[in-house]
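Read off the chains here:
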Amino acid sequence: HMLAHTHARRGASDSEAAIVLLHGFLGDRRDVEPLRQKLGALADCISLDLPGHGDSAWMPTIDAGTSAVDAALATLEALYPPPARLLLVGYSMGGRVALQLAARLPPPRLAGLVILSGSPGLDDGALREARLSRDVALAARLRAMTPPHFDEWLRREWYRAALWGGRLQEHPSFERMLLRRTDGAQPRDRAASLERESVGRQPSCWPWLEAPPAPVLYVAGEEDEAYCKVATRLAEHSGVAEPVERRLVRVAVLPAAGHALLLEASAPVAEICHAFASQVLPSPLVPASPPPAEDVQIQARGPEGVDALSARLLPFRLPLTAPLPLARGAPLTERAGVLLLVEGMAADGRAVRGLGEVCPLPGFHSESLDEAAAQLRSVAHRLQGALLPSAVARLDGSMSAWLAAACDRPSKSASGPLLPSVRCALEMACLHVLAQAANTSIAQLVCCARRAPYQSHVRINGLLARGEASSLEAAADAARAAVDSACPSSRACASGPAVKHAAARMRTWKVKVGGGDPAADGRRIGKLLLGCTALGARLRLDANQAWSREQAATFCEAMQTEWEAGCAALCPEHQRGDGAGAVSAPAPRWPPPALDFCEEPLMARLHAQLPALHAQYGLRHAIDEGALPAAAEALERLAASCATSGSDGASARGGEAFRALQERLGDASCAGLILKPTLAGGLEVSARLADEASRLGKPTVLTSAFESGVAHAHVAMLASVLGGPSIAHGLSTYERLQGDTLSPAFAEAVDGDLVDVPRLQAALDATAQGLRFVNERR
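Position numbers for residues start from 1 in each chain and track the written sequence from start to end. With pLDDT at 70 or above as the cut-off, local features in this predicted model cover only qualifying residues; side-chain atom pairs require 80 or more to be listed or tallied, and sums for whole chains, interfaces and linings still use all residues. To obtain the side-chain values, all non-hydrogen atoms of the structure were included, while hydrogens and water were left out.

Caption draft 1: Representation of the overall build of the chain. Within the chain, the secondary structure is distributed over 27 helices and 24 strands. Within the chain, buried positions represent 59% of all 778 residues. Every residue pair with non-hydrogen atoms within 4.5 Å of one another is taken to be in contact. Pairs at least 24 apart in sequence give 79% of the contacts found in the chain among residues at least 6 apart. The method behind every accessible area is Shrake-Rupley, applied with a 1.4 Å probe, and residues are considered shielded solely by the protein chains displayed. Per element, the accessible surface of the chain, about 28900 Å² overall, is 54% carbon and sulfur. Numbering goes from the N terminus for both helices and strands, where a helix is a DSSP run of H or I of at least four residues and a strand is a run of E of at least two. Burial status follows relative accessibility: with a 1.4 Å probe on protein chains alone, a residue under 20% of its type maximum counts as buried, one over 50% as exposed, and anything between as partly exposed.

Spelled out as structure tokens, the structure:
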């Protein structure tokens, strides 16, 4: 199994070189994201989550004690097999891993090495034993910590060590970095990594650095005494008489920086690495632009040689595991829909297939399944023989323009505007066909077309519907009890099985609220917040516009009261005493970091009061696709603007469809945008809305509408391109269905709380190739 990673490709074809970025101890690949953005202009870039860190720590198939060098090497061999050359860039522990990787790679494979404050190892055996002993002792302490204790240890001890200098905690980005360190972190995973990757176990690489087979750059901060000594030693043996560009080992010491180079000296580090990479990656290895993907001719005949439509339909019905209460309408007992298969012919004569899904959600979609299926049949007939251009993969308006031309539908045709679920299904199938023709994945196809990175794994959140109880509440209670019983002086924690089970399940949970007593809802959520803090998990709420301003206030007051009542026992910084009684402690911080947001808390007509609700209670809200005034009409106008604006989004941003979105997203009380692509009107509209949210500094969460695995797969692949690794998307609804249209099922691609995007692509390909249809004619 590959490590979780962010991958930015310059083209769909295999690359001759790639830049590999490795984070430090306690970090993850988000730490090197500014560096990836800078270096991505030169070559393919891949940033990894090392074992025990980031998303890789939440993959049960990857042991936290797995050697980081072995795991990274296996991932790189799968993504960039020989003869591709690699430029390795690593920070701190990642620098040590990069150095050991460089020593193991065949010389022709190594383009260069950048070590940012990393140790080449210890020459002296006694020093190695002493270092290993210290690391083993620290690992034992980490294993005894709960997530709240881990947060306190980071603040009060780890980041006050001398190597960080004296100003790190004053840096404006320190709190954001700390949130990354504690985001779903389980200290026992970090402990396993610390023991495995200890400098005391690392073989000395000083001999290798005396005559490296490729250029090496070593960077340290001047306030980091230990690593400045390493820099000095390397400089003394690097051939000072030689010009800098001819030295095999080059050294740079950055002023006003300690060990946290990626935080305190982010811009200088990026510039130095960019200059070095430009020199060691010769121009033939730096592609100027991605090669164009192939256009696809949509077939007029099926691959069996019989008369057939270019797009064919297969209805399905899947029962739910249990009746599901929704915010609107009767409880849901089954999902009925239609699979859409589009067949095409690639330039090399191969028959290629793409799969989409129509599955309107009763009470939420304006169209019924019968209406959607009827329109889909009409559109399928019009697509026969059309040429599908590769440009539609940019999701910049080209898809809408092509659909309008291919369907040749006048603005007031009998079929009317494309229904949201129909447009989405067509886009799914078309992107799949193009990816098949290019022998690549949908995520890579869209990534290359949009010149954006994609994530190898997509994080998902758990879901509790109204009135549902689950193991989350039991695990939260157990976690709170474990923290309550921990001795503040030793920070010990007897983690029970329930705590470990929940921690291995999800880092983020979405809980439906509203529709009942707001005070009772508030007390329940207050208790869950305490438990999620103890678990290191996060909580999202979804009220579906259920509350008046007064009801929302009642909920917030009850939630905050319950939280504050339990916080003194939960948070170790509020437990301090001197033996003669408790010491006065500051009030617990509200809202707690474990609370992400509440989706659409107020009735639609009251949305103007959301900023005041935030100011009074600290509750941030998220908006969904239904929050736009006259949502269906606005999104249809957006699709039309996409069709005419091309790659220039200025006209769309300035159009009526975006004005309400800009106003609401721009407010400080708004935490982000929630989109169901099948409701919003398709993948392209969702991408355009997400782009606008990103421009305003807000994340986008993509969710399903209880569709089958085919639609889930497409939404997950779009999420891998539009979102970063920290965003949990609403795709756990697959658990509510008995059976799946996808084979292997969507569940087979779920690893912990992560969806494996390459495995999803393989399942989608296999399903499309394995389908057998009875021809449907208009």
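Caption draft 2: Fine view of empty space enclosed by the protein. Computed over the protein atoms alone on a 1 Å grid, cavities are sets of points where a 1.4 Å probe fits but cannot get out and pockets are open sets with protein on both sides within 12 Å along at least five of seven lines; a residue lines them when it has an atom within 4 Å of a point. Grid points are joined across faces, edges and corners, and a volume is the space filled by probe spheres set on the points. Going through the model one piece at a time under the given rule, you end up with 8 cavities of 30 Å³ or more. For the largest cavity, the calculated volume is near 90 Å³. For the largest cavity, the lining is made up of 15 residues, of which Asp-28, Arg-30, Gly-54, Asp-55 and Arg-507 are closest to its centre. For the lining of the largest cavity, the residue count by class is 3 nonpolar, 2 polar and 10 charged. Here the term charged refers only to Asp, Glu, Lys and Arg, the term nonpolar to Ala, Val, Leu, Ile, Met, Phe, Trp, Tyr, Cys and Pro, and the term polar to all other amino acids, Gly among them.

Caption draft 3: The arrangement of the environment of Leu-262 in detail. With respect to the element layout, Leu-262 can be found in helix α10 (residues 261–264). Its relative accessible area of 17% is what places Leu-262 among the buried residues. As a C-alpha pair, Leu-262 and Val-32 span 230 residues in sequence and 7.2 Å in three-dimensional space. If we ignore the near neighbours within four places in the chain, the residues touching Leu-262 are Asp-31, Val-32, Tyr-91, Leu-116 and Val-269.

Caption draft 4: Main features of the side chain of His-259. Looking at where His-259 falls in the secondary structure, it is placed in the loop between β7 (249–254) and α10. What makes His-259 buried here is its relative accessible area of 2%. A polar contact is formed between the side chain of His-259 and the side chain of Ser-92, at a distance of 2.9 Å. Excluding residues that lie within four positions of it along the chain, His-259 makes contacts with Tyr-91, Ser-92, Ser-117, Leu-163, Trp-164, Asp-224, Tyr-227 and Glu-264. For this analysis, a polar contact is any N or O atom pair within 3.5 Å, provided that within protein one partner can donate a hydrogen and the other can accept it, and provided that sequence-adjacent residues contribute only side-chain to side-chain pairs.

Caption draft 5: Representation of helix α25 (residues 683–695) within the structure. Each residue after the first adds 1.5 Å to the expected span of a helix. Between its terminal C-alpha atoms α25 stretches 18 Å, which fits the 18 Å expected from 13 residues at 1.5 Å a residue. Burial analysis of α25 places 10 of its 13 residues in the buried class, which makes it a mostly covered element. Burial in α25 covers these residues: Leu-683, Glu-684, Val-685, Ser-686, Ala-687, Arg-688, Leu-689, Ala-690, Glu-692 and Ala-693.

Caption draft 6: The arrangement of the pattern of salt bridges in detail. Salt bridge, as applied in this entry: a Lys or Arg side-chain nitrogen positioned within 4 Å of an Asp or Glu carboxyl oxygen. Counted under the stated rule, the structure contains 36 salt bridges. Between Arg-29 and Asp-49 there is a salt bridge, and its shortest N-O distance comes to 2.5 Å. Within this pair, whereas Arg-29 is found in the loop between β2 (17–22) and α1 (33–39), its partner Asp-49 is found in the loop between β3 (44–48) and α2 (68–79), the two being separated by 20 residues in sequence. For the pair Arg-29 and Asp-49, one class covers both residues: buried.

Caption draft 7: Structural view of the sheet that holds strand β14 (residues 457–460). Strand order in the open sheet formed by 4 strands is β22-β14-β24-β23, with mixed pairing between adjacent strands. Among the strands making up the open sheet, the edge pair consists of β22 (728–729) and β23 (750–751). Two strands pair if DSSP finds at least two bridges between them. Where β23 meets strand β24 (residues 754–756), 2 bridges bridge the pair, whose relative direction is antiparallel. Counterpart to Asp-751 in the pairing with β24 is Leu-754.

Caption draft 8: Broad picture of helix α5 (residues 147–156). Among the 10 residues in α5, 7 count as buried, and that is most of the element. Of the residues making up α5, those classed as buried are Pro-147, Pro-148, His-149, Phe-150, Glu-152, Trp-153 and Leu-154.

Caption draft 9: Summary view of the sheet that holds strand β19 (residues 621–624). Here we have 7 strands laid out as an open sheet, ordered β15-β16-β17-β18-β19-β20-β21, and parallel in their pairing. Both edges of this open sheet fall to β15 (462–464) and β21 (700–702), since each of them pairs with a single strand only. Sheet twist, expressed as the average angle between the axes of neighbouring strands with direction ignored, equals 25°. Across the sheet, α25 is in contact with β20 (670–675) and β21; its angle to β20 comes to roughly 170°. Every angle, taken between N-to-C directions, lies between 0 and 180 degrees, and every axis is a line fitted to C-alpha atoms, over only the stretch in contact when it is a helix.

Caption draft 10: Summary view of the packing of aromatic side chains. Here a pair means two rings of Phe, Tyr or Trp (six-membered ring of Trp) with centres within 6.5 Å. Their orientation is stacked below 30 degrees between planes, edge-to-face above 60, and tilted elsewhere. This model, assessed by the stated rule, comprises 9 aromatic pairs. Taken together, the aromatic side chains of Phe-25, Phe-150, Trp-153, Trp-158, Tyr-159, Trp-164 and Phe-174 make up a single cluster linked through ring pairs. Seen from the ring of Trp-206, Arg-233 lies directly overhead, with NZ or CZ sitting 3.6 Å from the centre. By the criterion adopted, a ring carries a charge over it if an Arg CZ or a Lys NZ lies within 6 Å of its centre and within 35 degrees of its normal.

Caption draft 11: Molecular detail of the pairing of strand β16 (residues 508–512). Within β16, 5 of the 5 residues are buried, which leaves the element mostly enclosed by the surrounding structure. Taking every second residue as pointing to the same face, both faces of β16 are buried, with Thr-508, Lys-510 and Lys-512 on one and Trp-509 and Val-511 on the other. Note: β15 against β16, 3 bridges, orientation parallel. When the sheet's bridge partners are listed, Leu-464 is paired in β16 with Val-511. Looking at chain direction, β16 and strand β17 (residues 538–542) are connected through 5 bridges and run parallel. Residue pairing for β17: Val-511 is matched across the bridge by Leu-541. Consider the strands pointing away from the viewer: the crossover is right-handed when the path from the first strand over the helix to the second runs clockwise. Read as a crossover between parallel neighbours, the route from β16 over helix α18 (residues 518–535) to β17 is right-handed.

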